[in-house]
Amino acid sequence: MTAVLFGFDYVGVQSLKITKGTINPVTEPDSNVGSFLFNSKWAADYKLTGIDMMGSVGADTFWPAGSGLVNYTKYSELTYPAGQTSYFRKAHFPTLPFEYDLPLCEVKSRRISNGRFIGSLVSEVLSGYENRGGNWRTAGREWAGWGKGMTVAYNSTTGSISSGSVVTNYFSQPAGVTNEVFYNNLVVWRLPGDETAVLDGAPVAPVSGQHAIEIDSAGVRIAKPGFDARTATPTQMALDTARHPTKVIGAADVACPAGVSYYDIGVTIPAGAVADVHFYQGSIILYPANPVATPYGAEYWFDGSRIYFNNAFAACRARFIVYAIGTDAPTSGANDVLRQFNDGSQEVFQILRPGAAANPSWADIVIDSRWPCIQILAQGFISVGAGDLTHVVDFNGTGCFPVVKYMTVHGASGATTPSPYVLSYSKLVRQPFTNVIGSYKVGWTYQQGGDSTYCELSASQARFRTFVGNPIRRYYRNFADFQGDVITYQYDPSPLYGIRYFILGIPA
């Protein structure tokens, strides 16, 4: 059951509010963050810009059609041994604000052999003499990230990208190489990934006479306080059906026992959906993963209305959010903007695009009370120095399941970058990953890698851990080095200097 307000709230502000259960949306204080499924007064809001689902194109391809190396927004070229490298310019995501040259972004690694995602899975990589060097890490280390002032390597020449990313997918490996292969889907959020402030992310005082809510034949538009829905820019809008907003279609915190398990979100999960998944044990979430020197976590995938987990390791819990973009066509009919019905297990409230059919498509649905909207509980930038450091952020998460998302921020690099197709950059943001490194003499000796970061997240506090200056790999080169206990160390060519974080709240 939910309650809805279209109009003036307890402080006289025009707004749309949806509250849980029997909570009164007219009188409920905004500070009770766990009470709201949606609140148009949220200033800093959490929206997707786009998801690029990688797949084999079979030949070098430019987007848009007819473009070339000078003016493409996306270019995919075939690369050795059998795969493709995709180059993205910022213009490929037209709803990304001009001010966000380095957006919040990430890759979702999906195993080609079975279509399962492995992003939060800690994997073991052994190397060096007799495999006596080890890395236990999550996916993402191989992706360069999103850079500014990038010099990139095409097959036959070099080029430049003022703001963008390079993603490589290997669809097979050379003979004798047994590494698994993945599609790396690129996900970009309408948020900054560096020190840049969130556009229109600070509360603005309402202005008398402004129209905060507009409903007409063109759609539903709801402005944030202090802005007029008739003239507001995209970042000044809380909701706009004309932009087919990304849907949060499921979120929960569930047990993830050893073996295969699933959770049914109640609606069919469409093709192209992606998820944020945190695996953890106890009361503290460790994101992006538990930084341990053993494999940990689970692979996950979608089938029908279920998200499945395959956990080959110790039992844990999974906290997840499933996102989908409505890429299907809008329907046509005489359905009202507001729709209420019973889905067989609960009463459902929806906001639809005006003129939708009685059976609306994903593109028609703007708000659905079964799908919790995500709010930003805290956000900011942390400057990071050298050493084993802890950075503490307190927040109000009462009544919410908190989830963290963050980027590591790096300065210029002309040295070897994480991608062989990125030669240099003036600045870079990268998704976080854990990286425990070790070497084996009589037994294993471990330490956190210098590129490893993670967040310890509780109900009201986030503790970010960084290890700048540590090596990112340690190993014995040959038998002589092993005999003499001479360890070779590799260091990050572009150490992080900051963390851009967003603490998100899922209504519990």
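Nothing here was measured: the structure is a model prediction, and the numbers come from that model.

A. Spatial organisation of the overall build of the protein. Helix and strand counts for the protein come out as 1 helix and 38 strands. Taken over the C-alpha atoms alone, the protein extends approximately 80 × 55 × 40 Å along its principal axes. When each of the 508 residues of the protein is scored for burial, the buried share is 57%. Charge-centre separation for the protein: the mean point of 37 positive side chains lies 3 Å from the mean point of 39 negative side chains.

B. Highlighting the pattern of salt bridges. Going through the model one piece at a time under the given rule, you end up with 29 salt bridges. The salt bridge partner of Arg230 is Asp228, with a shortest N-O separation of 2.8 Å. With relative accessibility at 10%, the residue Asp228 sits in the buried group. In this structure, Glu456 and Arg463 form a salt bridge, with 3.3 Å as the shortest nitrogen-oxygen distance. One salt-bridge network, in which partners are shared between bridges, spans Asp9, Lys17, Asp30 and Lys41.

C. Looking closely at the nonpolar core. Ranked by internal contacts, the top residues of the largest apolar core, which has 34 residues, are Tyr46, Trp146 and Tyr323. For this core, the element with the most residues is strand 13 (residues 182-192), which contributes 5 residues. Counting 30 residues, the second largest nonpolar core, distinct from the first, contains Ile269, Ala275, Ala318 and Val322.

D. Looking closely at the sheet that holds strand 22 (residues 306-311). The strand order across the open sheet formed by 3 strands is 18-22-21, and the pairing between neighbours is antiparallel. Across the chains shown, the open sheet's two edge strands, defined by having one partner strand only, are strand 18 (259-264) and strand 21 (299-303). Across this sheet, the average inter-strand angle for adjacent strands is 25°, counted without regard to direction. Direction of pairing for strand 21 relative to strand 22: antiparallel, over a ladder of 5 bridges. Following the sheet pairing, Glu299 is matched in strand 22 by Asn310.

E. Quick look at the side chain of Asp253. Summarising the element assignment, Asp253 is placed in strand 17 (residues 247-256). In this structure the side chain of Asp253 is engaged in a polar contact, spanning 2.6 Å, whose partner is the side chain of Tyr280. Here Arg317 takes part through its side chain, which lies 2.7 Å from a polar atom of the side chain of Asp253. Setting aside chain neighbours within four positions, we find Asp253 in contact with Tyr280, Arg317, Ala318, Arg319 and Phe401.

Basis of the calculations
Residues numbered from 1 in each chain as written. Predicted model: local features only at pLDDT ≥ 70, side-chain atom pairs only at ≥ 80, totals over all residues. Heavy atoms only, no water. Helix = DSSP H or I, 4+ residues; strand = E, 2+ residues; numbered from the N terminus. Buried < 20%, exposed > 50% of the residue type's maximum accessible area, 1.4 Å probe, protein only. Lys, Arg positive; Asp, Glu negative; His and termini not counted. Charge placed at Lys NZ, Arg CZ, Asp CG, Glu CD. Salt bridge = Lys/Arg side-chain N within 4 Å of Asp/Glu carboxyl O. Core = buried A, V, L, I, M, F, W, Y, C linked by side-chain atoms within 4.5 Å. Pairing = 2+ DSSP bridges. Axes fitted to C-alpha atoms, helices over the stretch in contact; angles between N-to-C directions. Polar contact = N/O pair within 3.5 Å; in protein donor to acceptor, adjacent residues only side chain to side chain. Contact = heavy atoms within 4.5 Å.

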